[in-house]
Every structure is written in structure tokens, then in C-alpha cells.
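Chain by chain, the residues:
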Amino acid sequence: MQKVYENAALALNGLLFDGMTIAAGGFGLCGIPETLIGAIRESGIRNLAIVSNNAGVDDYGLGLLLKTRQVRKMISSYVGENREFERQYLAGELELEFNPQGTLAERLRAGGAGIAGFYTKTGVGTVVAEGKEERTFNGERYILETGITVDLAIVKAWKSDPFGNLLYRKAARNFNPMVSTAGRVTVAEVEHLVGEGELEPDHIHTASIYVNRLILAVQNQKRIEKRTVSREP
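Residues numbered from 1 in each chain as written. Predicted model: local features only at pLDDT ≥ 70, side-chain atom pairs only at ≥ 80, totals over all residues. Heavy atoms only, no water.

Draft legend 1. Quick look at the overall build of the protein. Looking only at helices and strands, one finds 6 helices and 11 strands in the protein. Across its three principal directions, the C-alpha atoms of the protein cover 55 × 55 × 40 Å. A total of 233 residues make up the protein; the buried ones form 45% of that total. When contacts within the protein are restricted to residue pairs at least 6 apart in sequence, those whose partners lie at least 24 apart make up 72%. (Helix = DSSP H or I, 4+ residues; strand = E, 2+ residues; numbered from the N terminus. Buried < 20%, exposed > 50% of the residue type's maximum accessible area, 1.4 Å probe, protein only. Contact = heavy atoms within 4.5 Å.)

Draft legend 2. How the structure looks around helix 5 (residues 101-112). Here helix 5 is 12 residues long and its end C-alpha atoms lie 17 Å apart, about the 16 Å a rise of 1.5 Å per residue gives. Taken as a whole, helix 5 has its buried residues at Thr 103, Leu 104, Ala 105, Arg 107, Leu 108, Ala 110 and Gly 111. At the exit of helix 5 stands Gly 114, carrying a positive phi of roughly 80°. (Expected span 1.5 Å × (residues − 1).)

Draft legend 3. Geometry of the layout of surface pockets. Each pocket or cavity is described by its volume, and for the largest pocket that value is around 270 Å³. Lining the largest pocket we find 15 residues, and of these Cys 30, Gly 31, Ala 172, Glu 191 and Lys 222 sit closest to its centre. Examining the composition of the lining of the largest pocket, we find that 3 residues originate from one element, strand 8 (residues 150-160), more than from any other. A per-class count over the lining of the largest pocket returns 7 nonpolar, 1 polar and 7 charged. (1 Å grid on protein atoms, 1.4 Å probe; cavity = no way out; pocket = protein on both sides within 12 Å on 5 of 7 lines; lining within 4 Å. Points joined across faces, edges and corners; volume = space filled by probe spheres on them. Nonpolar A, V, L, I, M, F, W, Y, C, P; charged D, E, K, R; others polar.)

Draft legend 4. Quick peek at unusual backbone geometry. Positioned with a positive phi, Asn 47 is a non-glycine residue whose angle comes to about 55°. Mapped onto the secondary structure, Asn 47 falls in the loop between helix 2 (34-43) and strand 2 (48-51).

Draft legend 5. The nonpolar core, seen in detail. Of all hydrophobic cores here, the largest spans 27 residues; its most connected members are Ile 22, Ile 40, Met 74, Leu 152 and Ile 154. Looking at this core, the elements with two or more residues in it are helix 1 (8-12), strand 1 (21-24), helix 2, strand 2, helix 3 (63-67), strand 3 (71-76) and strand 8. Looking at this core element by element, the count peaks at 4 residues for helix 2. Aside from chain neighbours lying at most four places away, what touches Ile 154 is Ile 22, Ala 23, Ala 24, Gly 25, Pro 33, Leu 36, Ile 37, Ile 40, Val 179 and Val 187. Grouped together as the second largest cluster of nonpolar side chains are 21 residues, Val 51, Ile 75, Ala 157 and Met 178 included. (Core = buried A, V, L, I, M, F, W, Y, C linked by side-chain atoms within 4.5 Å.)

Draft legend 6. Inspection of the sheet that holds strand 7 (residues 140-146) at higher detail. In spatial order, the strands read 5-7-6; together these 3 strands make up an open sheet with antiparallel pairing. The open sheet terminates on both sides in strands that have one partner only, identified here as strand 5 (117-120) and strand 6 (134-137). Pairs of neighbouring strands in the sheet enclose a mean axial angle of 40°, with direction left out of account. Relative to strand 7, strand 6 runs antiparallel, the two being bridged by 4 bridges. In the strand pairing of strand 7, Arg 135 is matched with Tyr 142. Packing against the sheet, helix 5 makes contact with strand 5 and strand 7, and its axis sits at approximately 155° to strand 5. (Pairing = 2+ DSSP bridges. Axes fitted to C-alpha atoms, helices over the stretch in contact; angles between N-to-C directions.)

Shown next as C-alpha cells:
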């Protein structure tokens, strides 16, 4: 099966539609699929439900989709660093489903593993637990969280072979492995495309069975959200 596409628009062709759910890898601006996000923005699709740890910043990452008002709902664990995200939410223009960060990661992993739900102590007795089933195990209270699956998963990897076996680099791994398994279709953008057999099997983080389409990333800015430097003595 040919998985490598010439560009992001071709890789997303036939996959996008209004009202769809999309999961995006990344943490802050680290390990985000910026090339694919740009192509989704250019497609003009609207009323999107986005699953992601956060929404980038005002002028980069998923913040670009918020700016063009293409997003209806965010399922996230952090809304900081993005004033437009905050403004839309407080103005009632954007739905927001808050998740504790570890719970969000596990919901994506569970969805990708075919697990419909799981019980966790995180959030018991808080607004996170409102409307959720609660049970007691060994004298401890737990709430039921559901696994997440989406119409499309987009991820960023450091290396891939032509089959879609992915390697992430250091902190850029973050949510990408879980997101890659949760999509009915997964599209990955990679910094380096290597030949067949060049990847050490034991080094692979995401197996090719989860990846449907691949592109070579054209945006690799490695932006820093908050640059902090020490003063010279």
C-alpha cells in the first residue's frame, strides 16, 4: 500500500468534512503537526471538535483554526498561552470539555486499544465527576471515563519508513503515540523519511498498522513558547 503523499492537501483529500472530530498530537508547540494543521485551515472545513492537550498559541498551531472560527469544541486539559481560546470560551462561542491531563492521555490510549471505558480516582468529588458514573473499589471512589476515538488523527514524528513506522524525538513524543492509535484514519507528518529497513525495529514507537498516510513535513520551526535566558554576569 502506498502511504507517502506529495503534500498535506493530497494526504487529507477525501478525509475532511464539516462537523468531524480530529485528534492532534503535541504539547504546547512541541511535536505538533503544523503542516497538516495548515492544510486543514486552508480546506475551510468548519464546526470541528478537536481533541488535543491544548490549542497552541494565538498565531500558531491549533490557534490558527480558532482564529478562523473553524472549531466548535475543544476537548483539552490546558487553555493557557492562547488568549483567543480563552476569549471564545468566556464569551460562550466555544464549547470546552476539560480533562485532567493524564485522563486525557489515557482516554486516547483506551480508545486506540478498543477499550470503551475505565475507572479512575482522578477528579472524584470535583466538577470533573459531574454526570459520570461512580463506583467504589477497595473502599476508594472511582469515576468512569470513556475512551476517545476520532474521525481523523494527525501526528508529528521525527522519522518514518515508507510503511509508516514512526519514531518520535525526545519530548516531542508527548501525546503523539496515543493520538496515532485513536483515529479511524491517521495521517502523520515526519521530519525525515528513511528507506525500508533503516529503522531498528526495537526503536519504533508507533507501528505502521496505525498509520494510513504520510507526508514529509514542510514546517519545522521548533518555536519556543516562552524563552527564558539568564542575565550575563
